[in-house]
Number of protein chains: 2
Amino acid sequence: MSPGLLKSLIILAILAILRLSFAFQLDDTLTYVWPLPSEFSSGDHTLSVDPALSLVVSGDGGNSSIIKDAFDRYKRIIFKHGESFSIFQMFRYIRPAYDISKLKIEVHSRSEELQLGVDESYSLFVDKNDGQSIIAEATIEANTVYGALRGLETFSQLCMFDYGTKSVQIYKAPWYIQDKPRFSYRGLLLDTSRHYLPITVIKQIIESMSYAKLNVLHWHIIDEQSFPIEIPTYPKLWEGSYTKWERYTVEDAYEIVNFAKLRGINVMAEIDVPGHAESWGMGYPDLWPSASCREPLDVAKNFTFDVISGILTDMRKIFPFELFHLGGDEVNTDCWNSTSHVKQWLQDRNLTTKDAYQYFVLRAQEIAISKGWTPVNWEETFNTFASNLHPRTIVHNWLGGGVCPKVVAKGFRCIFSNQGFWYLDHLDVPWDEVYEAEPLEGINITSEQELVLGGEVCMWAEIADTSNIQQTIWPRAAAAAERLWSRREAISSGNITLTALPRLHYFRCLLNRRGVQAAPVENFYARQPPIGPGSCYEL
Amino acid sequence: MSPGLLKSLIILAILAILRLSFAFQLDDTLTYVWPLPSEFSSGDHTLSVDPALSLVVSGDGGNSSIIKDAFDRYKRIIFKHGESFSIFQMFRYIRPAYDISKLKIEVHSRSEELQLGVDESYSLFVDKNDGQSIIAEATIEANTVYGALRGLETFSQLCMFDYGTKSVQIYKAPWYIQDKPRFSYRGLLLDTSRHYLPITVIKQIIESMSYAKLNVLHWHIIDEQSFPIEIPTYPKLWEGSYTKWERYTVEDAYEIVNFAKLRGINVMAEIDVPGHAESWGMGYPDLWPSASCREPLDVAKNFTFDVISGILTDMRKIFPFELFHLGGDEVNTDCWNSTSHVKQWLQDRNLTTKDAYQYFVLRAQEIAISKGWTPVNWEETFNTFASNLHPRTIVHNWLGGGVCPKVVAKGFRCIFSNQGFWYLDHLDVPWDEVYEAEPLEGINITSEQELVLGGEVCMWAEIADTSNIQQTIWPRAAAAAERLWSRREAISSGNITLTALPRLHYFRCLLNRRGVQAAPVENFYARQPPIGPGSCYEL
């Protein structure tokens, strides 16, 4: 062997050893809770958590079954690894003493109503009980059960299984956390028309949303491709489903709403009218202006509005959330003009097709409002006839930047979903662009800022189905979730590659450990597979 | 408008209507149970199944908790859709009469031992009880609890939720099914070294395996990249894990084994020696011949075999399955020759490196056998020194075709995993090539055919992690599962595009409904997203 070759081999060997033996450590200056709490302090103690952790409730709302269910759920998450048993080490059966054996949850309000702006604040204290402190070992205090749920999520993220001691530990105790969301609306859109999602899958996604403290499932149920949901008043509508198995019964929908509620998540339903509604005509062809003009819905027939009214009456019984999305985007009215009876109807009223589009949207709004809904509409409605929209309208941005500033300047409320950053089907948007998109950008007056309800990431499903939807959603939805929850100052300063990225890697691995198919954070395109062997923690 | 344009528009409109209004029907001549049962007959009645379905057990093994647990699990699967309730139709509260309100399970044997060749046969009868028949409404009869589990899976696949009546129905009753597997070994390999898989994810995969009646999880735990599992006798070995969170405790492994057992699935562990073992040296660098030669393991030290013996002693307590995989593939011995003490050792014994490779494998086999294991080795061991292998050796084919014929001709047992068809990380292999790969190809003598234990699909994880492993496994693993379960004549004749493909589409949708991320069946590459909106059932 030549000396040069020997040298090369030695260097290669050293590099290889370094690669393997680099003991990965978390950056101890960071807080590995996602999204970052509003205010917190930590210490330098390590506390052990009893696998037999017990729940102690107090307050008017403490006895809620929502709390009990959530505690059981989180216990299963926290104590995934069984206790040591006796195959190898008998002495492990001696039950050790734990620092944290009680979690006290105090909930002030008895009300379980879940509406926009519900109080999600909570305090979480974790400290060793020295027998003198009035603070229990771990205490969550909240005004509502939903605040307590957020506190439980945070508590679960503080709990880490330690493979050395084979016990769950809380590092950096004592913890004092005072937390609340920056925005009241933190949404994820699911599209069940382009591909049907089984209820099991929708539940998996709702469960994962709760890990990132998202609180609105925007259910884009119906679109031009399929009409999967049962509408008892118009029972032929779901003949527009792809197949007779790709449907949701009323009971399914109700179950989804209830499953979400137990996790503090509202379900906002959408019917996207008058465009994106071709599938409605499968059961009721009269809703199509003609066989060759099947979208937008027929503006000239009262039947169209009867059906909308029927749908909204039925849905009102299923969806208690005060917001209802009426769509209104991408309406191409050309074929109204080429359908004789619609053309006649327009002429009789001296309306342009653009007028008719406005007429349709406003009439749908009236129906929704008459049933007690607050209407949400995609931004085209605002862009086209802002001054005529019902003042309670919430405008849903999607086309690009700069929309919410205009919306709130006119006194409307706004939801931010700029497609350049928050459309999850745009696979070329990396995590940091999702993270840095700011709903309040360009809005500097406090009263106008308050009209921005929050934002939503949108999982349009043209090229996403059960097989790949979770890794398209995660981890990028988490980047938006922190933007929507955490204090703007805390997450907008400094170098996010140092302050956020390691925490997002960690949260992605946490999702994986909980069985969520979150994709690698730094893939060139979203949801791409890893490029080679390696750690989830991306050494 | 020109007449030509009008005509075109009409044709387009008709085509569009046809696309949407095509009411998808199952091909009624096919049996939508996957894998196809061995013998069955069906009728033309439709029976309703009571959501309060009760279990009646009998036989010596009927009282097993395995049966009770499985029944509860399958009830949750079968009755995913809640019963109708009263939001819309009060009268639905009148409890209807159901045809099937009891499932009788008779298990003859009390033994719950799960070993290679365990009796998985079962009979399933489903008929309306007219009060005269001695056959209960639905009856599963099996010799073992594991046969009963297979019967429960089949029963669950007969049950379909009908959106019209909002009840679970069994079509084409009465059913008389006599079923048993063609092969006793029907495996899936999971590789937790190239990417760590959380225990929750491994459990999800085990659960999904049971849907396709696969019965062996081949756990390729360790490889050169990481050593994730705890070995109490050599506690520094898992220092070779990627991070301190990407590990399995003894208790985790035991829990996985137990979780699998409850689903009739054995776990076969593997340590792949002497190659594919670089990570072992992270905790014990003495296992490396030198810093620049870290693989294969040091053949010259007794310590190497002490560690193997320690691992096998520890693992024997965790893994009750009689088969243990010792690897033995892709051994490049070049650097043994360039390591002075190994070279000296070889010279002292007058051994070539090839001799030393044989020496290593045979000594590892002896250790395994001394601890009561049956050794399994990758085919290179057979290809290199067949005549010296222990006669109990099971040879695991992977490199290509024609290997099992040679293996069984020499009297060894064989597992078929031809990488050209059954390596799931080969994304370019379409479902039909997976389906048509035949473990008995080229083996015509019955006594030799009996030496083929079955086969295994291999999910190597270089480019698969939690985010995408399930859609890489499914649905192609199901194609192999039917090959391994069903009668060869039944699945090898006719045009599989007509006989198998529609059933595989259906089974993929069933997996989706159960929350498994199975990918579209006919994607050009495996695990690709759908190319546009559409039905799971691929109209």
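Everything quoted here is computed from the prediction, not taken from an experiment. (Residues numbered from 1 in each chain as written. Chains lettered and ligands numbered in written order. Predicted model: local features only at pLDDT ≥ 70, side-chain atom pairs only at ≥ 80, totals over all residues. Heavy atoms only, no water.)

> Residue-level account of the overall build of chain A, with values.
Counting secondary structure elements, chain A contains 19 helices and 16 strands. Taking 24 Å as the expected radius of gyration for a compact globule of 539 residues, we find that chain A reaches 26 Å, a close match to that expectation. C-alpha extents for chain A along the principal axes are approximately 85 × 75 × 50 Å. Within chain A, the fraction of its 539 residues that count as buried is 62%. Restricting to contacts in chain A with at least 6 residues of sequence separation, those with at least 24 account for 75%. Here chain A displays about 19600 Å² of accessible surface, and carbon together with sulfur accounts for 52% of that area. Between the centroid of the 49 positive side chains of chain A and the centroid of its 65 negative side chains there is a distance of 4 Å. (Helix = DSSP H or I, 4+ residues; strand = E, 2+ residues; numbered from the N terminus. Rg over C-alpha atoms; globule rule 2.2 N^0.38 Å. Buried < 20%, exposed > 50% of the residue type's maximum accessible area, 1.4 Å probe, protein only. Contact = heavy atoms within 4.5 Å. Areas by Shrake-Rupley, 256 points an atom, 1.4 Å probe, with all protein chains shown as cover. Lys, Arg positive; Asp, Glu negative; His and termini not counted. Charge placed at Lys NZ, Arg CZ, Asp CG, Glu CD.)

> Mind laying out the packing of aromatic side chains, listing which residues take part and the relevant values?
This structure, assessed with the given rule, holds 57 aromatic pairs over all chains. Ring centres of Tyr423(A) and Trp460(A) lie 5.9 Å apart, and the angle between their planes is 55°; this geometry places the pair in the tilted category. Pair noted here: Tyr423(A) is in the loop between α12 (419-422) and α13 (431-436) and Trp460(A) is in the loop between β16 (452-459) and α15 (469-473), with a separation of 37 residues, a long-range link. This pair shows no difference in class: Tyr423(A) is buried, exactly as Trp460(A) is. Over the face of the ring belonging to Tyr435(A) we find Arg483(A), whose NZ or CZ atom lies 5.5 Å from the ring centre. Sitting above the plane of the Tyr211(B) ring, Arg514(B) keeps its charged end 4.5 Å from the centroid. (Phe/Tyr/Trp six-rings, centres within 6.5 Å; stacked < 30°, edge-to-face > 60°. Lys NZ or Arg CZ within 6 Å of the ring centre and 35° of its normal.)

> Summarise the nonpolar core; cite the residues concerned and give the values.
Grouped together as the largest cluster of nonpolar side chains are 306 residues, with contacts concentrated most on Trp280(A), Met315(A), Trp280(B) and Met315(B). With sequence-adjacent residues up to four places away left out, Trp280(A) is seen in contact with Ile222(A), Phe227(A), Leu237(A), Ile271(A), Val273(A), Leu287(A), Leu297(A), Val307(A), Ile308(A) and Ile311(A). (Core = buried A, V, L, I, M, F, W, Y, C linked by side-chain atoms within 4.5 Å.)

> I'd like a rundown of the sheet that holds strand β5 (residues 138-142) of chain A, residues and numbers included.
Residue and element names in this part refer to chain A. On the basis of which strands lie adjacent, the open sheet formed by eight strands has the order β1-β8-β4-β5-β3-β2-β7-β6 and mixed pairing. Across the chains shown, the open sheet's two edge strands, defined by having one partner strand only, are β1 (39-41) and β6 (159-162). Sheet twist, expressed as the average angle between the axes of neighbouring strands with direction ignored, equals 30°. Across five bridges, strand β4 (residues 122-126) lies against strand β8 (residues 175-179) in antiparallel orientation. (Pairing = 2+ DSSP bridges. Axes fitted to C-alpha atoms, helices over the stretch in contact; angles between N-to-C directions.)

> Any chance you could break down the interface of chain A and chain B for me, citing the residues and the numbers?
Taken residue by residue, the interface counts 88 residues in chain A and 87 residues in chain B. Close ionic contact of Asp465(A) with Arg508(B) constitutes a salt bridge, the shortest N to O distance being 2.9 Å. For the side of chain A that touches chain B, the secondary structure elements donating two or more residues are α1 (3-21), β6, α4 (199-211), α5 (250-261), α6 (302-318), α15 and α19 (501-513) of chain A. Take the side of chain A that touches chain B: its biggest share by element is seven residues, from α1(A). Taken together, the residues of the side of chain A that touches chain B sort by class into 41 nonpolar, 23 polar and 24 charged. (Salt bridge = Lys/Arg side-chain N within 4 Å of Asp/Glu carboxyl O. Nonpolar A, V, L, I, M, F, W, Y, C, P; charged D, E, K, R; others polar.)

> Talk me through the state of the cysteines; I want residue IDs and the actual numbers.
This model, assessed by the stated rule, comprises six disulfides over all chains. At a sulfur-sulfur separation of 2.0 Å, the disulfide partner of Cys404(B) is Cys414(B). Of note, the bridge from Cys404(B) to Cys414(B) carries an S-S torsion of about -75° and is left-handed in sense. Here Cys404(B), found in helix α11 (residues 403-409), pairs with Cys414(B), found in strand β15 (residues 413-416); they are 10 residues apart in sequence, far enough to count as distant. Among the residues examined, Cys404(B) registers a relative accessible area of 2% and is labelled buried. Since its relative accessible area comes to 0%, Cys414(B) is described here as buried. Cysteine pairing in chain A follows 1-2, 3-4, 5-6, where each cysteine in a disulfide is numbered by its order in the sequence. Cys159(A) takes part in no disulfide bond, and the closest cysteine sulfur, belonging to Cys509(A), lies 18 Å away. Of the cysteine sulfurs around Cys458(A), a residue in no disulfide, the closest is that of Cys404(A), at 12 Å. (Disulfide = S-S within 2.5 Å.)

> Lay out the sheet that holds strand β1 (residues 39-41) of chain B in plain terms, naming residues and giving numbers.
Residues and elements named next belong to chain B. Reading across the sheet, the eight strands line up as β1-β8-β4-β5-β3-β2-β7-β6 and stay open at both edges, with mixed pairing between neighbours. Unpaired on one side and paired on the other, β1 and β6 (159-162) mark the two borders of the sheet. The sheet shows a mean angle of 30° between the axes of neighbouring strands, taken without regard to direction. When strand β4 (residues 122-126) meets strand β5 (residues 138-142), the two strands line up antiparallel, connected through five bridges.

> Lay out unusual backbone geometry with the relevant residues and their values.
The omega torsion of the bond from Ala173(A) to Pro174(A) falls at 0°, within 30 degrees of zero and hence cis. Each neighbour pair has its own omega, and for Trp34(B) with Pro35(B) the value is -5°, a cis peptide bond. Along the chain, Pro35(B) falls in the loop between α1 (3-21) and β1. Even without glycine at this site, His276(A) takes up a positive phi of about 50°. Structurally, His276(A) is set in the loop between β11 (266-270) and α6. Looking at His276(A), the relative accessible area reads 8%, which means it is buried. Even without being glycine, Lys213(B) reaches a positive phi, approximately 60°. Within the secondary structure, Lys213(B) sits in the loop between α4 (199-211) and β10 (216-220).

> Outline the relation of the copies chain A and chain B, supporting the account with residue identities and numerical values.
Mapping chain A onto chain B calls for a rotation angle of 180° and an axial translation of 0.0 Å; the resulting RMSD is 0.0 Å. Such a turn and shift between the copies fits a two-fold axis. Taking C-alpha positions as reference, the residue of chain A nearest the rotation axis is Asn468(A), located at 3.8 Å. Residue by residue, 98% of the interface of chain A is reproduced at the interface of chain B, so both copies engage with the same surface. (Least-squares fit on C-alpha atoms with pLDDT ≥ 70 in both.)

> Pulling in residues and values, what's your account of α19(A)?
Residue and element names in this part refer to chain A. Its 13 residues give α19 an end-to-end C-alpha distance of 18 Å, which sits within 8% of 18 Å, the value for a rise of 1.5 Å per residue. Counted residue by residue, α19 has 11 buried out of 13 residues, so it is predominantly covered. Within the span of α19, buried status applies to Leu-501, Arg-503, Leu-504, His-505, Tyr-506, Phe-507, Arg-508, Cys-509, Leu-510, Leu-511 and Asn-512. Following α19 by one or two positions, Gly-515 adopts a phi angle in the positive range, close to 90°. (Expected span 1.5 Å × (residues − 1).)

> Account for the pattern of salt bridges, with residues named and values stated.
Side chains bearing opposite charge may pair, as long as their charged atoms lie close to each other. This model, assessed by the stated rule, comprises 44 salt bridges over all chains. Two residues, Lys203(B) and Glu255(B), come together in a salt bridge whose shortest N-O distance is 2.4 Å. Of this pair, Lys203(B) sits in helix α4 while Glu255(B) sits in helix α5 (residues 250-261), and the two are 52 residues apart along the sequence. The network of salt bridges with shared partners includes Arg182(A), Glu438(A), Arg483(A) and Arg488(A).

> So what's going on with the packing of α4(B) against α5(B)? Residues and values would help.
Helices that pack against each other are described as a pair by the angle of their axes relative to one another and the distance between those axes. Residue and element names in this part refer to chain B. At a minimum axis separation of 10 Å, α4 and α5 run at an interaxial angle of 15°. Taken together, α4 and α5 sit at an angle that is classed as roughly parallel. For the pair α4 and α5, the crossing hand works out as right-handed. Contact with α4, carried on its side by Ile-199, Ile-202, Lys-203, Ile-206 and Glu-207, involves Asp-252, Glu-255, Ile-256, Phe-259 and Ala-260 of α5 and no other residues of that element. Counted by class, the contact of α4 with α5 contains six nonpolar, no polar and four charged residues. (Parallel < 35°, antiparallel > 145°, perpendicular 65-115°, else oblique. Left-handed = near helix turned anticlockwise from the far one by under 90°.)

> Could you give me a rundown of the environment of Asp314(A), with the residues and numbers involved?
Residues and elements named next belong to chain A. Relative to the helices and strands, Asp-314 resides in helix α6. Overall, Asp-314 belongs to the buried group, its relative accessible area being 2%. Remark: the alpha-carbon pair of Asp-314 and Pro-232, spanning 82 residues in sequence, is separated by 7.0 Å.

> Please give an account of the side chain of Asn377(B) that cites residues and values.
Residue and element names in this part refer to chain B. Residue position: Asn-377 is located in strand β13 (residues 374-378). There is a polar contact of 2.8 Å between the side chain of Asn-377 and the side chain of Gln-365. Beyond its immediate stretch of four places on either side in the chain, Asn-377 contacts His-325, Leu-326, Gly-327, Gly-328, Val-361, Gln-365, Thr-393, Ile-394, Val-395 and His-396. (Polar contact = N/O pair within 3.5 Å; in protein donor to acceptor, adjacent residues only side chain to side chain.)

> Tell me what's going on with the side chain of Thr472(A), and back it up with residues and numbers.
All names here are of chain A. Turning to its location among the elements, Thr-472 is positioned in helix α15. Residue Thr-472 is classed as buried on the basis of its relative accessible area of 1%. One polar contact links Thr-472 to Arg-527, side chain to side chain, over a distance of 3.0 Å. Once residues lying within four places of it in the same chain are set aside, the contact partners of Thr-472 are Leu-424, Leu-427, Met-459 and Arg-527.

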